[in-house]
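Here are the chains, one letter per residue:
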Amino acid sequence: MLCTLCASPNFNLSPIQTDPSAPIPWTSTPTSTKYYVSTHQPSLPALFASAKQGCHLCTLIRSELFHIRGHESEEEHHQGFVDLRVYITGEEEEKGWVGLESYSGKQIQAVTRTNMRDVRVPLDFIRFEPYLESLLQEKAYNFDPNTGCSENFKLVTTWLSRCLRHHPLCTISTPPYPELPSRVLDVACPMTTSKLALIDTFGIQASYITLSHVWGKAQIITTTTSTLAERMEGIAMERLSNTFRDAVEVARQINVRYLWIDSLCIIQNDLADWEKESAKMGSYYSNALFNIAAVSSSDGSGGLFTSRNPRQIAPCPITVVFPSKDSIRDGKKIEGFLRVNSGWDPVLQIAGFQRPPLWQRAWVLQERLLSTRLLMFSNMQMSWKCRQEEASESVPEGSQRHTDMTGTDEMLRLVLMGLKKFPLKAQFIEPEIVVPEREGEEEHTVHAYGTEELIQVYNAWYDLVSLYTKCELTVASDIFPAISGIASCIASATQDRYVAGLWIRDIHRGLVWSAPDSTISKPDLRQYRAPSWSWASLRATSNFYVREMSQKGLKVSIKLFTVSGVAPHAPDAFLLGKAGVNALKVIGILKRAHPVDTGGGLPEEAVFKDIPHRHETLFDLNERKSVGWYFADNIDRKYLNEVWCCPIMTEERSPRQGEKLRDGQTSVVEARGVALLLLDKNERICMRVGSLWIRDATWFDGCKTESFSII
């Protein structure tokens, strides 16, 4: 439905006008600020009234204005007017006409003025392929507010078919008919659609889909040892949560017989079954035809489908009269669609405090990354993502993925797809890391055992861990299983040994992590789940220093610290989090220092009198000087009287402005490492209690290396 003013915007009635403040929106090289105009609404209240009455285009513009401007006063609303503008490039002006022959891809701007400033809503004029055009016309005409409408299932079929036929990256690493998970739900009951059944698959090969969801606090249906036989006989649809019921509906509409849901397909109170199945979950998601993601639901009652106003996001069918290249009197009438240029969608918010419920769940990180295809349902729209394309109700034709990926992201993608392997070399030397001079480049590392590509994989892992530790885990011991699928892919690609969340061949960089201020107030976990040197030992967000280095030209050496071994462990123990107290056997330096919280100044004890501290928090009381900063891992480790400093990396950098140097010194060498608590003086057994930054690495001059263990 369109209002009278939106039915057929006519740009042929307007002479060329000039907007000296306007950039050309579709190019990075502005060559013209000239445009044709079609008068739209006389005021913002008129626009809002038309949207309320159901005009598709006015609704699109109003919705995007809300995201751009937010809430504004009624007085400001009354000052506004709305014009539609088509800007032209210099080349188009020389030819005397606007746009390409098809006009598809041409941008039209809805411009409104409030408080003497222009607010621009960019709209793309699109012409789709015939089948998609017909489907979108049907979708606009029927106006079904539910994301589970029949037109949306036709869209899913279109996206899936296009992916299977034309996306080699999506099909090259996954078999067309993979082996089914150990148990699946058979949703194609031959007797009735009101039931489904849990079945043992015995190695059957067939297509299946999976579900990512938030369990939430509400009780959902599960399979236990006592209910297994009952689930095999059949499950009534009314016993399922809304989310599970909607997932069954998706499977049936797309004509996929088998569905895998963790709570029903894993025996929840059988530890042996849980360990066996959780170790396979990575392959279950990567081999699925697609994974359904209940993005906005905080528990099973939320469901997949939601009611919203589809006119706020769906392309609007419209006929536009563009200026003619032949005559100013005869415009060129083109049928197509208008849609917002950059609509906001919760599925895009994978980090930060405003993440939707599903993206806050730790298990879902690997479910999202390992799935070949994702069908996502948010409270705004249904969207699709595969390894080559992204699509949604607002961009139904799809757009290419990864056009702006960094080298690190691209390398991780290839590793998770199983398309990148690194040859293992028997010998390797200590690496040197050089942070690049130019912004946006990856740091360069010289490794005899690998390449810069290998370092990109490790960097990607550290980035993932930082994101992963911001997510929620209901069961603390799941810290390793919930990310084991990704770890298995990296282990397979790098042939490296994975130990408690870190990689042996990059252990130096991996050990220098810290817990930021937002989590430092949390106490120790009351039940052991990882050695103290692992980021997984804390219930905290973990940041890795090597991913935060910002000084250009920085050189990092890691020759002070050698890992000579790790305590033996059972196969897959670190992947499943089953390992006990695993000691890291180290040859390195230990030097005692005293941490002090200097927030309110130095303590009044005589030993601290007259020590210049520059707001530093780590002191050598023998040499009576401050030496750097101590960053406690959490509140339980903040007020220790002494720690043992273990340097892992030294950094050589240029002096800062005003920084004093010793005679003959042209650069500054600092040290980064870990702060340890000595638990057994005779056996030299330590535990990590924090990270440290030593201002002058020469403080360690004269110290001898020794053997010790970190548990």
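Structure's up top.
Every value quoted in this text rests on a predicted model; they were computed, and no experiment measured them.

(A) Layout of the nonpolar core. V250, F290, W461 and W535 are the most contacted members of the largest nonpolar core, which has 121 residues in total. A total of 11 residues in this core trace back to one element, the largest contributor, which is helix α15 (residues 452–468). Excluding its chain neighbours within four sequence positions, the residues that come into contact with V250 are F153, F290, I292, L304, F305, L375 and F377. Among the nonpolar cores identified, the runner-up in size contains 31 residues, and F48, A51, I61 and C316 belong to it.

(B) Structural view of the pattern of salt bridges. In the structure shown here, the tally under the stated rule is 23 salt bridges. K139 serves as the salt-bridge partner of E393, at 2.9 Å between the closest nitrogen and oxygen. Residue E393 is found in the loop between β16 (389–392) and β17 (399–400), and its partner K139 is found in helix α5 (residues 130–142); the two are separated by 254 residues along the sequence. On the basis of relative accessibility, which here comes to 0%, the residue E393 falls in the buried class. Using a relative accessible area of 9% as the deciding quantity, one classes K139 as buried. R162 is the salt-bridge partner of E389, the closest N and O atoms lying 3.0 Å from each other.

(C) Here's a closer look at the sheet that holds strand β9 (residues 235–236). With respect to topology, 10 strands assemble into an open sheet ordered β9-β7-β6-β10-β8-β11-β14-β15-β16-β17, the strand pairing being mixed. The open sheet has two edge strands, β9 and β17, and neither has a second partner. In this structure, strand β6 (residues 183–186) lies alongside strand β7 (residues 195–200), joined through four bridges in antiparallel fashion. Each residue of the ladder has a partner; that of R183, found in β7, is D200. In this fold helix α6 (residues 150–166) packs onto β11 (290–294), β14 (373–377), β15 (382–386) and β16, with an angle of close to 10° to the strand it touches most, β15.

Rules of the game
- Residues numbered from 1 in each chain as written.
- Predicted model: local features only at pLDDT ≥ 70, side-chain atom pairs only at ≥ 80, totals over all residues.
- Heavy atoms only, no water.
- Core = buried A, V, L, I, M, F, W, Y, C linked by side-chain atoms within 4.5 Å.
- Buried < 20%, exposed > 50% of the residue type's maximum accessible area, 1.4 Å probe, protein only.
- Helix = DSSP H or I, 4+ residues; strand = E, 2+ residues; numbered from the N terminus.
- Contact = heavy atoms within 4.5 Å.
- Salt bridge = Lys/Arg side-chain N within 4 Å of Asp/Glu carboxyl O.
- Pairing = 2+ DSSP bridges.
- Axes fitted to C-alpha atoms, helices over the stretch in contact; angles between N-to-C directions.

From the geometry alone we can't say anything about function, so treat these as descriptive.
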